[in-house]
Amino acid sequence: MPVLAKTPLVIDPARARQIWIAAQRLDGAAPFGSGPEAVRAAVAHLGYVQIDTINVIERCHHHMLFSRIPAYRRADLVAAQSADKSVFEYWTHALSYVPSADLAFFLPAMQAQRNGASRWFGSVTPAESRAMLARLRREGPLSMRDIGDDRLVDKDHPWASRKPSKRVLEMLFYQGHVTVAARQGMLKSYDLMARHFGWTGRPKPATARQIIAYKLDRALRSQGVVSLDSICHLDAPSKPMVKALIESRVRAKKLVPLTLAGPDQTLHWAAPETLEAPAGIPPGLVHILSPFDPLIIQRKRLKRFFGYEHLFEAYLPAQKRRYGYFALPVLLGDNIVAALDLKTDRSAGKLLIQQETWLADVGAEGRVAVDEALGRFERFQLGA
């Protein structure tokens, strides 16, 4: 295939799927090894691992790591965040674990939060911020359980807290004054960012051009075949600069424009070496994926590549659901073959199938492979 054609190449969606699956490291049994080092490597490769509060099954950050690290233990993420500090929490398209090595690319966003008033944090006064920072300096890392002297207030939002200190800490977090030093479930312990990382001076922030290159390179690494929407997921303001950088790389023959065969002619790009790499998915490899997994979260891209439209229906009335309350897509080889609505009954020590929707005939061997994957998933759900 002539990968340096001037007009966009047309590639089969099946090939595009295989490239994306390989880029997501879902084409091998244990691509990152095991232990805390595997967590560091997985987050570094993916660029982010989304954090979510829903725990019908295990929370999505643990789930995503388990999908790529079969020997994953929750303590490995604790060690990566709190001991070797190779990952930290901040906002990408959602609250996520990101590599600490990438911190410079997030410092400008923190500065922007310090420079501009936020509607959400507008009620926090400078005196409250100074008092909280002084308390952290004096007492060390604090969680909301450690703060017992708040005067409770009425909630002004369903997700708000009655403790005013929570809003102060969250504002300081987004401003980059504090970071999440440790997490137990959804309980976060905050510490001064400089103290947590042991800085003697604050690192130098990345420039706007460097941030754009980082976003493009992160997408190429973790997606293989990219579009403007996939690079700038929920980040439309970055699109003009990203497009300009893509065009310069196309001129330099570092990127190849392409489209997927079919009616949707959305322009995509890939590196020449990506298109030249041999194709192939290990037969029978099964992953039960989180609805927040990077392979699933971009719904339009998912439908374009896989022909599957995932529905997140937790907030719909039961009678309007097609796949169930918390359906998980099942990836078998390079196809999504089922959506399983699962729930972990921790008291009974069981993984419950609330509803199963099969999207393809996988045959007897495929059913056995999915059943074995469910067994592994159940053991993970109920394990340490």
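Residues numbered from 1 in each chain as written. Predicted model: local features only at pLDDT ≥ 70, side-chain atom pairs only at ≥ 80, totals over all residues. Heavy atoms only, no water.

**Let's talk about the environment of Pro278**
Considering the arrangement of structural elements, one finds Pro278 in the loop between helix 12 (272-276) and strand 10 (286-288). Owing to a relative accessible area of 78%, Pro278 belongs among the exposed residues under this scheme. Sequence spacing of Pro278 and Tyr323 is 45 residues, and the spatial spacing of their C-alpha atoms is 35 Å. (Helix = DSSP H or I, 4+ residues; strand = E, 2+ residues; numbered from the N terminus. Buried < 20%, exposed > 50% of the residue type's maximum accessible area, 1.4 Å probe, protein only.)

**Overview of the sheet that holds strand 2 (residues 49-50)**
The strand order across the open sheet built from three strands is 2-4-3, with neighbouring strands paired in antiparallel fashion. Both outer strands of the open sheet, strand 2 and strand 3 (87-91), are each paired with one neighbouring strand and no more. As paired elements, strand 3 and strand 4 (residues 95-99) share five bridges and run antiparallel to each other. In the strand pairing of strand 4, Val87 is matched with Pro99. Against the sheet, helix 4 (residues 74-83) contacts strand 3 and strand 4, and its axis sits at roughly 85° relative to strand 3. (Pairing = 2+ DSSP bridges. Contact = heavy atoms within 4.5 Å. Axes fitted to C-alpha atoms, helices over the stretch in contact; angles between N-to-C directions.)

**Remarks on the environment of Ala373**
In this structure, Ala373 sits in helix 14 (residues 363-382). For the pair Ala373 and His287, spaced 86 residues apart in sequence, the C-alpha to C-alpha distance is 7.0 Å. Those residues within four positions of Ala373 in sequence are excluded, and the remaining contacts are Val286 and Ile288.

**Overview of helix 14**
Helix length check: helix 14 (20 residues) gives 29 Å between terminal C-alpha atoms against 28 Å at 1.5 Å per residue, within 8%. Residues of helix 14 that are buried include every one of Gly366, Ala369, Val370, Ala373, Leu374, Gly375, Phe377, Phe380 and Gln381, and no others. Structurally, helix 14 contributes buried residues whose contacts are with helix 3 (60-68), helix 4, strand 10, strand 11 (327-332), strand 12 (335-345) and strand 13 (350-358). (Expected span 1.5 Å × (residues − 1).)

**Things to note about the pattern of salt bridges**
Using the criterion set out here, one finds 15 salt bridges in the structure. When the shortest N-O distance is used, the salt bridge between Glu139 and Arg138 registers 3.7 Å. Classification of Glu139 as partly exposed rests on a relative accessible area of 42%. The network of salt bridges with common partners includes Arg135, Arg138, Glu139 and Asp149. (Salt bridge = Lys/Arg side-chain N within 4 Å of Asp/Glu carboxyl O.)

**Quick notes on the sheet that holds strand 7 (residues 187-192)**
Spatial strand order, 5-7-6: three strands in an open sheet with antiparallel pairing. Lying at the two open borders of the sheet, with one neighbouring strand each, are strand 5 (142-143) and strand 6 (178-184). Two strands pair when backbone bridges link them, and strand 5 and strand 7 are joined in this way by two bridges, in the antiparallel orientation. Bridged to Leu142 within strand 7 is Tyr190. Packing against the sheet, helix 7 (residues 164-174) makes contact with strand 6 and strand 7, and its axis sits at approximately 120° to strand 6.

**Some words on the pairing of strand 13**
Here strand 12 pairs with strand 13 via eight bridges, running antiparallel. Bridged to Thr344 within strand 13 is Leu351.

**Overview of the packing of aromatic side chains**
Geometry of an aromatic ring pair is reported as the spacing of the ring centres plus the angle between the planes. Overall, the coordinates contain 21 aromatic pairs when judged by the stated rule. Ring geometry for Phe106 against Tyr214: centres 6.2 Å apart, planes inclined by 75°, an arrangement best described as edge-to-face. With Phe106 in the loop between strand 4 and helix 5 (107-115) and Tyr214 in helix 9 (residues 208-223), the pair connects residues that are 108 residues apart, well separated along the chain. For the residue pair Phe106 and Tyr214, the accessibility class agrees, reading buried in each case. Ring-pair connections join several aromatic residues into one group, and the members of that group are Phe88, Tyr90, Trp91, Phe105, Phe106, Phe173, Tyr174, Tyr190, Phe197, Trp199 and Tyr214. Across from the ring centre of Phe306, 5.8 Å away, lies the NZ or CZ of Arg17, which sits over that ring. The ring of Trp358 has Arg367 sitting right over it, with the charged end atom 3.8 Å from the ring centre. (Phe/Tyr/Trp six-rings, centres within 6.5 Å; stacked < 30°, edge-to-face > 60°. Lys NZ or Arg CZ within 6 Å of the ring centre and 35° of its normal.)

**Brief notes about the packing of helix 2 (residues 36-46) against helix 9**
Between two packed helices, what matters for the description is the angle formed by their axes and the separation of those axes. It is the contact of helix 2 with helix 9, at a shortest axis distance of 8 Å, that shows an interaxial angle of 115°. If you check the angle between helix 2 and helix 9, you find them roughly perpendicular. Only Arg218, Arg221 and Ser222 of helix 9 make contact with helix 2, whose side of the interface consists of Ala44, His45 and Leu46. Of the residues assigned to the contact of helix 2 with helix 9, the class counts are two nonpolar, two polar and two charged. (Parallel < 35°, antiparallel > 145°, perpendicular 65-115°, else oblique. Nonpolar A, V, L, I, M, F, W, Y, C, P; charged D, E, K, R; others polar.)

**A short note on the side chain of Arg17**
Secondary-structure assignment places Arg17 in helix 1 (residues 13-23). No salt bridge is formed by the buried Arg17. Its closest oppositely charged neighbour is Asp334, at 4.1 Å. Ignoring anything within four residues of it in the chain, the contact list for Arg17 reads Phe305, Phe306, Asp334 and Asn335. (Lys, Arg positive; Asp, Glu negative; His and termini not counted.)

**Quick notes on unusual backbone geometry**
Of note in the backbone geometry, Arg25 takes a positive phi value of approximately 60° without being a glycine. With respect to the helices and strands, the residue Arg25 is situated in the loop between helix 1 and helix 2. A positive phi is found at Leu234, a non-glycine position, where the angle reads about 55°. Residue placement: Leu234 occurs in the loop between helix 10 (228-231) and helix 11 (239-251). Residue classification places Leu234 among the exposed positions, given a relative accessible area of 68%.

**Observations concerning the nonpolar core**
Leu65, Leu342 and Phe377 are the most contacted members of the largest nonpolar core, which has 72 residues in total. Excluding residues within four positions of it along the chain, Leu65 makes contact with Val39, Ala42, Val43, Val49, Tyr72 and Leu77. Core analysis: the next-biggest nonpolar cluster, separate from the first, contains 25 residues, Ile19, Val225, Tyr308 and Ala327 among them. (Core = buried A, V, L, I, M, F, W, Y, C linked by side-chain atoms within 4.5 Å.)

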